[in-house]
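Each chain, written out:
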Amino acid sequence: MCKTELIDLSTVDVILISNYHCMMALPYITEHTGFTGTVYATEPTVQIGRLLMEELVNFIERVPKAQSASLWKNKDIQRLLPSPLKDAVEVSTWRRCYTMQEVNSALSKIQLVGYSQKIELFGAVQVTPLSSGYALGSSNWIIQSHYEKVSYVSGSSLLTTHPQPMDQASLKNSDVLVLTGLTQIPTANPDGMVGEFCSNLALTVRNGGNVLVPCYPSGVIYDLLECLYQYIDSAGLSSVPLYFISPVANSSLEFSQIFAEWLCHNKQSKVYLPEPPFPHAELIQTNKLKHYPSIHGDFSNDFRQPCVVFTGHPSLRFGDVVHFMELWGKSSLNTVIFTEPDFSYLEALAPYQPLAMKCIYCPIDTRLNFIQVSKLLKEVQPLHVVCPEQYTQPPPAQSHRMDLMIDCQPPAMSYRRAEVLALPFKRRYEKIEIMPELADSLVPMEIKPGISLATVSAVLHTKDNKHLLQPPPRPAQPTSGKKRKRVSDDVPDCKVLKPLLSGSIPVEQFVQTLEKHGFSDIKVEDTAKGHIVLLQEAETLIQIEEDSTHIICDNDEMLRVRLRDLVLKFLQKF
Amino acid sequence: MPEIRVTPLGAGQDVGRSCILVSIAGKNVMLDCGMHMGFNDDRRFPDFSYITQNGRLTDFLDCVIISHFHLDHCGALPYFSEMVGYDGPIYMTHPTQAICPILLEDYRKIAVDKKGEANFFTSQMIKDCMKKVVAVHLHQTVQVDDELEIKAYYAGHVLGAAMFQIKVGSESVVYTGDYNMTPDRHLGAAWIDKCRPNLLITESTYATTIRDSKRCRERDFLKKVHETVERGGKVLIPVFALGRAQELCILLETFWERMNLKVPIYFSTGLTEKANHYYKLFIPWTNQKIRKTFVQRNMFEFKHIKAFDRAFADNPGPMVVFATPGMLHAGQSLQIFRKWAGNEKNMVIMPGYCVQGTVGHKILSGQRKLEMEGRQVLEVKMQVEYMSFSAHADAKGIMQLVGQAEPESVLLVHGEAKKMEFLKQKIEQELRRQLAWAACTETPQHPCRHLAGAAEAGDGLLPEAKKPRLLHGTLIMKDSNFRLVSSEQALKELGLAEHQLRFTCRVHLHDTRKEQETALRVYSHLKSILKDHCVQHLPDGSVTVESILIQAAAPSEDPGTKVLLVSWTYQDEELGSFLTSLLKKGLPQALS
């Protein structure tokens, strides 16, 4: 569950959802924290996320508890409890599971988005979801202003399974790439695992045993069914029934067929025929695959053994899977095959020991491994990589495997739970639009070949975080003096800015210019740093140095302005 | 100055062969590539010579966009891409990409195989043409090139219909294609965000109608069908295979079930079953209700509606037949029409618009003696009904869309001249928008507010307050890269030193007091006048106003006179010169 003490969730403006596995805590945020912002997610993410939540709520509500214990959460008692309870953190923040009403309310607050859609957030930044290749509708996110770009890469896959391939090109030129959701099993090869899954399944069924596959109702199960579709006939297993038991089994199978636009090219083109993109439609049509909302009702009538059962929950702690563990656990003919990587299979099995049934662990995690990460980083070349701390060192169990960590230059910045990390860049530029009238009035001058400058004095309007430069207002016409003016009315607005000056004044030419403009009696003295030009008659002194000019005169505005203009002739304005 | 130019190559003030050329900030985009089904000659296709006179299509056009799969919007596409020759990208939504080639092939068969037309595109051309198509998702921002981007919005109308926003820099155009603003039995309503385009190009097929409520029209339709079959008549409903057909099928299916009717309903085969498949696979494009219930019940699997066989047309007794195509211009619907037209018990219901020149249009305009091929005259005795089921926006809907998108100006196309004039006035009155409208190959030009360019603002120039404020800086222009930075920054970046220009003026005052006191008097005088400025009296006896320094000195020769030295930089000139003239007037007499 999200840790929420660190931030006040009512101040969060936007939540970006990467995939349906990453939204299971959403109702806790949208319903109970005062959060009023916007949640963005793709349509498949929302629809399948709803199914996952619905299944979870259904499983939990099937076994209502008359009372719930909470005294054990007292720290003094908790530390006396056996592991893993005594190691659990923040138990006081544990909450009951949400209800379907809360799920519906949470999901109704989500704004649907499509891949590569540019979504303006308050005019300040733009966010864009990109295909991440991991699951139906799974996304990586780009958060960018006109001059800065942060990529959030979470749960991505470079393997070809059913979802649309990962969009890598759009991640290029990132200032910061936040990388998370890598594979949980970096040493396992998903393809090999699928092969092992099929062969173990076949072996068990041929010997007259049953196969139990604890799984989520969506995701890898589509790929497993597709493999079985190709495999069962060649393995002579076409008469073995496949059962998919979940309160959302039917919906999951149906939904998978309507999101063609979010699928890989091969599946997409099937729709043009028109044919359903996944072959499990055919498995259902030919009665090889049957789905049931639960083990009660129709299933008990149709149930035939040996068979293959796909059901949840993969933690083996609740859901219909519990029933099958108890039913089949005592026979060594049967096999349970773990494919979901989220739970340790040993811990999952612990309460069922001793167990006669065979246990096969072939976790299928298609998310990026470290080899793919280094390839990806070479490809997209972010300036900085930010990732969870555990990815910057080898896994504790395999501390010698230096290849099982992120290796990049400069080294990845890491973050820990409940830690705030400042990203290493600063916003320095904004886009400003210049009104044509103002643009017309600008006078560029070429300072160096190819580089021109123009001084701009303009009024900056900022609205909805968009900036617009307009011509400065004309100086107000002097009011016809009906009212007696107060002195303070004439005080000039010091906000009228004058340009900076640059250049230097060649004394000889300056003196010539003075003479040309009617000054006589000019005397020039050399000083350590430059010259002093004396206009004796006017009691005026002009100090000229490399980087400065100082005009010292009597209070004669006319004279001062004349001298000023002559000096400015030699200088450039900025 | 960039501008937006719109050239209708097909539908200007006319329904059929929609094809519009838009030039926006140097980019040329062709919107739709439709054909006119009322013509059998060259007038059938849009006039591409307007473009080709200046060279090849591919060189001139940056992209082509197809809004939906109706032939009056995509029918000329293979002709355009394969026969005239265009190799650039063609954008359309996934459902359009799936369905469009089927309809094209269907039409090609009627035109070539039945009518024996020569010089028509081939099946292979349709395939080659479709290879050039790039599918887009709703709301996806497609970067056609570095500058040109397009984005699709949901348009209702038919499965996969989309409105498109075309954007180059800060200029944008929205093209609606055909759309409807009220959800129907299987599609949702069109929607667009407040994208404030410079120009909105909207269809105006039903420009004058404000249609009565949907429910009334449905009841009307059911009543007419029911009465006819009750008295033993046959009902012919010419439809296009996809779109209206599905909606009417859902309507009749539920009615038949409710009334427990046994009269057979047929649907001409081929396309239809396939069509229903498409609807099922593209459920996300249908309306909310179907999307919510599709898992439990597929709305597109019909119990009462069976496949039609040509022989059924001669069966005695009542029946209802949906037959393609929709405007009675060819194919099965026309065949059945010819068989049934002579019997006054029968009825034909035209559920959509018919373009001029088609049989559908002729009977709707009251013609009862039709000249058929071979000089045969067909007398129409059957009842002819028109039901406006076609999902176009009516006047109210068009106004609604204009309200949603908030365009600077609106261009009406794809409608009839008189109706467009009516709507034009209405929009101008009610929404106060500038309005233009177009006939074929007229080129209305749209001057709009242009932004000369964009610059980046760097350090220190970023505004903190939301109020407009005066800003001074230097625009550095290097190649096409513009940056606005503070003047100090500009000097630094170019490796130039600042030249400081300073003025010091001597102001003579009559004051017998000591310099320190004079300075203090100056201080209190200025403090009282310059309320908005920072006036300070420093410990060394000098006075500052902002960055202007004032010092008092006593020239030795005259104890009755003090000299004030007022010193300021060029950047503070206004205030400096103001202060000297102020001090020249002297100080007010102290009260003590």
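Residues numbered from 1 in each chain as written. Chains lettered and ligands numbered in written order. Predicted model: local features only at pLDDT ≥ 70, side-chain atom pairs only at ≥ 80, totals over all residues. Heavy atoms only, no water.

Colleague: Before we move on, can you summarise the overall build of chain B with the specific residues and values?
Modeller: A tally of regular secondary structure across chain B gives 17 helices and 30 strands. Across the 592 residues of chain B, 58% fall into the buried class. Long-range contacts, defined here as pairs at least 24 residues apart, represent 71% of the contacts in chain B between residues at least 6 apart. Approximately 24600 Å² of chain B is accessible, and the part contributed by carbon and sulfur atoms is 49%. (Helix = DSSP H or I, 4+ residues; strand = E, 2+ residues; numbered from the N terminus. Buried < 20%, exposed > 50% of the residue type's maximum accessible area, 1.4 Å probe, protein only. Contact = heavy atoms within 4.5 Å. Areas by Shrake-Rupley, 256 points an atom, 1.4 Å probe, with all protein chains shown as cover.)

Colleague: Let's hear about the pairing of strand 12 (residues 234–238) of chain B: which residues, and what values?
Modeller: Put simply, side chains in a regular strand alternate between the two faces of the sheet. Residue and element names in this part refer to chain B. Of all 5 residues in strand 12, 5 are buried, a share of seventy percent or more. In terms of strand pairing, strand 12 meets strand 15 (residues 319–323) through 5 bridges, oriented parallel. In the strand pairing of strand 15, Val235 is matched with Val320. Both strand 12 and strand 16 (residues 347–350) contribute to a ladder of 2 bridges, which runs parallel. Paired with Leu236 across the strands is Val348, a residue of strand 16. (Pairing = 2+ DSSP bridges.)

Colleague: Kindly report on the side chain of Thr462(A), identifying the contributing residues and their values.
Modeller: Residue and element names in this part refer to chain A. Positionally, Thr462 belongs in strand 19 (residues 451–463). Residue classification places Thr462 among the buried residues on the basis of a relative accessible area of 18%. Within the structure, Thr462 has its side chain in polar contact with the side chain of His467 (distance 3.0 Å). (Polar contact = N/O pair within 3.5 Å; in protein donor to acceptor, adjacent residues only side chain to side chain.)

Colleague: Go over the domain arrangement of chain B, please, and point to the residues and values.
Modeller: By a widely used convention, the size of an interface equals the accessible area lost when the partners come together. As assigned here, chain B comprises domain 1 (4–210 + 391–439), domain 2 (214–386) and domain 3 (502–585). Summarising the inter-unit geometry, the C-alpha centres of domain 2 of chain B and domain 3 of chain B are found 96 Å apart. (Domains from an automatic or database assignment.)

Colleague: Talk me through the confidence of the model for chain A; I want residue IDs and the actual numbers.
Modeller: Averaged over all residues, the pLDDT of chain A equals 88, while 95% of them reach at least 70. Within the model, the stretch residues 478–485 of chain A combines pLDDT values under 50 with 1 contact to residues more than four positions away or in other chains. (pLDDT = per-residue confidence, 0-100.)

Colleague: Explain a nonpolar patch on the surface to me, and be specific about the residues and the numbers.
Modeller: Together, Leu6(A), Ile7(A) and Val420(A) give the surface a local cluster of nonpolar side chains, amounting to about 300 Å² of exposed area. On the accessibility criterion, Val420(A) (71% relative accessible area) is exposed. (Patch = residues over 30% accessible without salt bridge, like charges linked within 9 Å, V, L, I, M, F, W, Y side chains within 5 Å. Salt bridge = Lys/Arg side-chain N within 4 Å of Asp/Glu carboxyl O.)

Colleague: How would you summarise the pattern of salt bridges if you had to cite specific residues and measurements?
Modeller: Applying the stated criterion across every chain yields a total of 34 salt bridges over all chains. Across the pair Asp365(A) and Arg367(A) runs a salt bridge, and its minimum N-O distance is 3.0 Å. Note on accessibility: Asp365(A) and Arg367(A) belong to one class, buried. Arg56(B) serves as the salt-bridge partner of Asp87(B), at 3.7 Å between the closest nitrogen and oxygen. Of the two residues, Asp87(B) is situated in the loop between helix 4 (77–85) and strand 5 (90–93) and Arg56(B) in the loop between helix 1 (49–52) and helix 2 (57–60); the sequence distance between them amounts to 31 residues. Linked by salt bridges that have partners in common, Glu557(A), Arg560(A), Arg564(A), Asp565(A) and Glu573(B) make up one network.

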